Each structure stands twice: as C-alpha cells, then as structure tokens.
Amino acid sequence: MRRERLQIFLKENLLTLLTISGVIIGIVLGIGLRAVPAEGEKWSPRDVSYISFIGDLFLRMLKALILPLIITSLISAVGSLDLSLSGKIGGRAVLYYITTTIMAVILGIVLVVVVQPGKGADASSGNITAETRNVTTTDTLLDLVRNMFSPNLVQACLQQYQTVLTPPKDNPNEPDLNLWSVSGKYTDGMNIIGLVVAAIVFGIALSALKEEVLIVLKFFQQFSHATMKVTGWVIWLSPIGVLFLITAKLLEMDDLGVVFGKLGLYFAVTAGGILFHGFVILPALFFIFTRQNPVRFVGNMSQAIATAFGTSSSSATLPVTMQCLEEKNNIDPRVSRFVLPIGATINMDGTALYEAVAAIFIAQLRGLSLSFGNIVAISITATAASIGAAGIPQAGLVTLVMVLDTVGLPAEDVSLIIAVDWLLDRFRTVVNVLGDSYGAAIVAHYSQKELTAIPTNESNGKVQRNSMGQSSETVLFEERL
Ligand code: ASP
C-alpha cells in the first residue's frame, strides 16, 4: 500500500524532483569543479563555454517561446473575455502589482535602515568596473512610456528605444545631466512592453468585434495551445538545463569568497528580505485572500522556481510559469494568459526591494546621510525602476542607476555591489516569478464567479472530441460559420 503511494507520488512529482536534483547537483558540481585547476588558476572561458553549452540550448529554447507565447496568450485571453470583465481582471492585477511592489520596497527600506550594512564598510570597489551610461530618472520613465507605443511592431520584436545623453562640446565634464544634449537610438533586445500593449489592444478589438472575427480569435487560441504544447516538451529539459547553467556560472565567477566577505552583510540583508517577501509575506497574502494552502501552491511552482534560479530571467521563465500555474495549480487560463505576461514585464517585487536596499547601502557606504524626503524619493524611484527593468539577467542593476541619480550618487557606484549581483539576481528573479504567480491566483480567485458566467470554448487547452473525432469547439465553430 505504502509502496503504491510512493510510486504514485514519484510519478506525479518526477519532473519536480529531477529539477530540484538538477539545482543541487549543479551547485555541488560547480563548487567541486572550481577546485580542479591548480591553485590560483581558473577555468578558461572556452572550457566554461563547453560546460554551459547544454544550459545555453535550454535557454535558447525558452527564449524562442517568449514571443509566440506573449502575443498569442494575451490576444486569446483578452479576446475571449468581454470588455468590462477584462477591465476588471486587469484592474485587479494592477492593484495587486502596485500594492505588493510597494510592500517589498518598504520591507527593503526598513531592513537596510535598521541593519545598516553600509556603515563602516570598505567603499573600495576592487578591480571590477561596471559599464554604465548616464541617465536621468525622467528620461528612463519617458523611454518606458515611449516603448509602450512602438511605431513598428516588427522592430519591437528586436529592438527598443533609448534616450542618449551627450555632454556639451564646450564643457565635456558638465556634471548636470539636464544640460547635456538629448538624442535617441534603438538598442538590441525585444521591446516586450510594446508587444504586450499591442497584443492587449488587438485582443480588445477582437472582443469588441465578437462573432465577426471569431476565426481570428480561434487562430490565436489554437496557436497559443500549440505553443503551450511545445513548452510542455521543453520543460522536460529543465533538470539538465538548469544543472549546466548553474555549474557554468559558478565556474565563471572570480572569487566566491567575496559574497560572504566584504559584501556579506549587504548580501544577507538583500537576499533575506527578498526571500522573506517571496516565501512569507506573499504566501500569507495568498492564504488571506484565497484560503488555500500556499505550501502546496509553491510546491507546484517548483519547476518555475528552479528555472528562474537557473536562468535569472523572468521572461525566459514565463512559459514554465504559465505551464505550472495552469497544469498544476489549475488557474483559469483566461486569467493566467492575460495577467502573467503583463506581470512578467512590469511586476518585480524582488527587484523593487533590491533597488531600495542597494541604493541606500551605497549611500551608507559613501557616508551620505539621507533625509526622510530622500527615502521617499528612493521608494518611488525604486518602484519605477522595477517596473522599467526588463525580465532579463541583471536588468535591475541597470535601472539602479536611476535610483542612485535621485540621491545624487554617480552611475559608476553600481560597481560597488556588482560582485554579488549575479547571485542576488537569481533570488530576485525567483521572487519576481512567484509574485506574478500569486497575483494570477488571487485575481483568478476573485474573478471566479464572473468567469464561470461566461461560457468558455477553451478548457485549459484540452479539447473535447465527439465520436466523429471533431472537437466540440470545431462543431460550434462550424455551426457559427
Ligand atoms: N533578472 C530579473 C528578472 O528577470 C530582473 C532583475 O535584474 O532584477 O526578473
């Protein structure tokens, strides 16, 4: 009897167990292999690239899914809801995103002000220099809004807009960035927020036109099913993919000791805060609002958690997050496919907390005393910086420049914390992904009644067929045509 139960458990949780083993083996292997070269020597970049090869393939497959998944899931979800309901669901999601992001920022500020990790610490940045660019907070925010409205959707799949500041010719050392001249350029990287906005608008149009465009809606729904099917296959590679990603990253790092050395307290405060938010505060909110068991919920998300940890990218993890939410936590796909792509783009609790802690830590290092007004300004820009950060590795480090700018700290100061950023990034990505997932579950819970009132012609991507082998959808669809 017991054996049977164990067998069922193993069968149901095989992939999760394999992925967790992948993370653990990756860490052990990475630390173990670091000891292989002679004392003081490092693995060559070429050797590391061989080790990261498999992980890289996994990452490439996930990245390939982002574009079709975001577009088709948003269009099919928004298109299948009526306008007032999608407004309500969107409104609930945004309310959740804003509230939890602000909670994360406040938690971060309280921790860093109480513990004071930057007091008396050594402000030398060692030999690590960060590549930074000069930006003002206003330009970053305006760029975010500009990118929402991409003039060319094909270009949005490849590039995004960025304001460039150039110092005046007669005074190249001008400290006031507002006196620099302004121009714009397109930089490489998918403009996800532009695509999200375009897909939502297109979905709304489909919903407004109803029966007239049923065939287009069907197309996107079925495209979305097919993408999720591919995701289901790619997920089986996650144990091995995550293993190699983690091993290679550990081999690449300069000095692991630094994590627990000079920046130890900063690391502990930030990681502790991020994990507390993701594994205590958010689950508590989930329980309060839904009365469901958060432990089981998190357990069901473990695939997504491991992938977020391995890839450091919430966008690349999105396909896995969606799969775990729909297949394991049984969240209505009309909610998950609508709110997850938006969440993965703008809702980043881990990043928000980190931005606030990092900026105040650097100010403490520099011996800057912050007024209450400064702290309020930091919390507002930290929230904005987390919204502006893309779901890609270390995007938070780039937008941190904008938070530093509000208290007059130079962009180069990010080099003070860069040594541990690769590891903190993994923790914040995990919590960013968890935050989106809890949000989708809470919104789905509150939208349940309204959703059941709307007949769905789509049941979790699983199509029911009649004796002719035709799906009920096909019959309904053909009748309508
Ligand atoms: N890597 C994070 C993410 O993808 C963003 C960040 O750098 O904080 O969610």
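Below: a short report on this structure.

Thresholds applied
- Residues numbered from 1 in each chain as written.
- Predicted model: local features only at pLDDT ≥ 70, side-chain atom pairs only at ≥ 80, totals over all residues.
- Heavy atoms only, no water.
- Patch = residues over 30% accessible without salt bridge, like charges linked within 9 Å, V, L, I, M, F, W, Y side chains within 5 Å.
- Areas by Shrake-Rupley, 256 points an atom, 1.4 Å probe, with all protein chains shown as cover.
- Salt bridge = Lys/Arg side-chain N within 4 Å of Asp/Glu carboxyl O.
- Helix = DSSP H or I, 4+ residues; strand = E, 2+ residues; numbered from the N terminus.
- Buried < 20%, exposed > 50% of the residue type's maximum accessible area, 1.4 Å probe, protein only.
- 1 Å grid on protein atoms, 1.4 Å probe; cavity = no way out; pocket = protein on both sides within 12 Å on 5 of 7 lines; lining within 4 Å.
- Points joined across faces, edges and corners; volume = space filled by probe spheres on them.
- Nonpolar A, V, L, I, M, F, W, Y, C, P; charged D, E, K, R; others polar.
- Polar contact = N/O pair within 3.5 Å; in protein donor to acceptor, adjacent residues only side chain to side chain.
- Near = heavy atom within 4 Å.
- Sits in = over half its atoms within 2 Å of the grid points.

Quick word on a nonpolar patch on the surface
Next up, step 1: A surface patch of nonpolar side chains, amounting to about 670 Å² of accessible area, comprises Val94, Ile98, Ile102, Ile106, Val110, Val114, Val115 and Leu265.
Next up, step 2: A per-element tally of the nonpolar patch places helix H4 (residues 83-115) first, with 7 residues.
Next up, step 3: With respect to the secondary-structure elements, Val110 resides in helix H4.
Next up, step 4: Look at Val110 and you get partly exposed, because its relative accessible area is 46%.

Examining empty space enclosed by the protein
Next up, step 1: Enumeration over the complete set of coordinates arrives at 4 cavities of 30 Å³ or more.
Next up, step 2: Volume-wise, the largest cavity comes out at about 70 Å³.
Next up, step 3: Lining the largest cavity are 16 residues, with Thr351, Ala390, Ile392, Asp425 and Asn432 sitting closest to its centre.
Next up, step 4: Every element with two or more residues in the lining of the largest cavity is listed here: helix H18 (395-406) and helix H19 (418-453).
Next up, step 5: If one sorts the elements of the lining of the largest cavity by residue count, H19 sits on top with 4 residues.
Next up, step 6: Split by residue class, the lining of the largest cavity holds 5 nonpolar, 9 polar and 2 charged.

Overview of the side chain of Thr163
Next up, step 1: Note on placement: Thr163 falls in strand S1 (residues 159-166).
Next up, step 2: For Thr163, the side chain forms a polar contact with the side chain of Asp143, separated by 2.7 Å.
Next up, step 3: Of note is the side chain of Thr163, whose polar atom sits 3.4 Å from the side chain of Arg146.

Quick notes on the site of the ligand
Next up, step 1: Taken together, 15 residues surround the ligand, and among them Ser314, Thr351, Gly396, Asp425 and Arg428 come closest.
Next up, step 2: Ser312 is positioned such that a nitrogen or oxygen atom in its backbone is 2.9 Å from a nitrogen atom of the ligand.
Next up, step 3: In the environment of the ligand, an oxygen atom lies 2.7 Å from a nitrogen or oxygen atom belonging to the side chain of Thr351.
Next up, step 4: For the ligand, whose free accessible area comes to 270 Å², the fraction covered by protein is 100%.
Next up, step 5: The cavity where the ligand resides is the largest cavity.
Next up, step 6: Among the elements that line the shell around the ligand, the one with the most residues is H19, at 4 residues.
Next up, step 7: Within the shell around the ligand, the residues separate by chemical class into 4 nonpolar, 9 polar and 2 charged.

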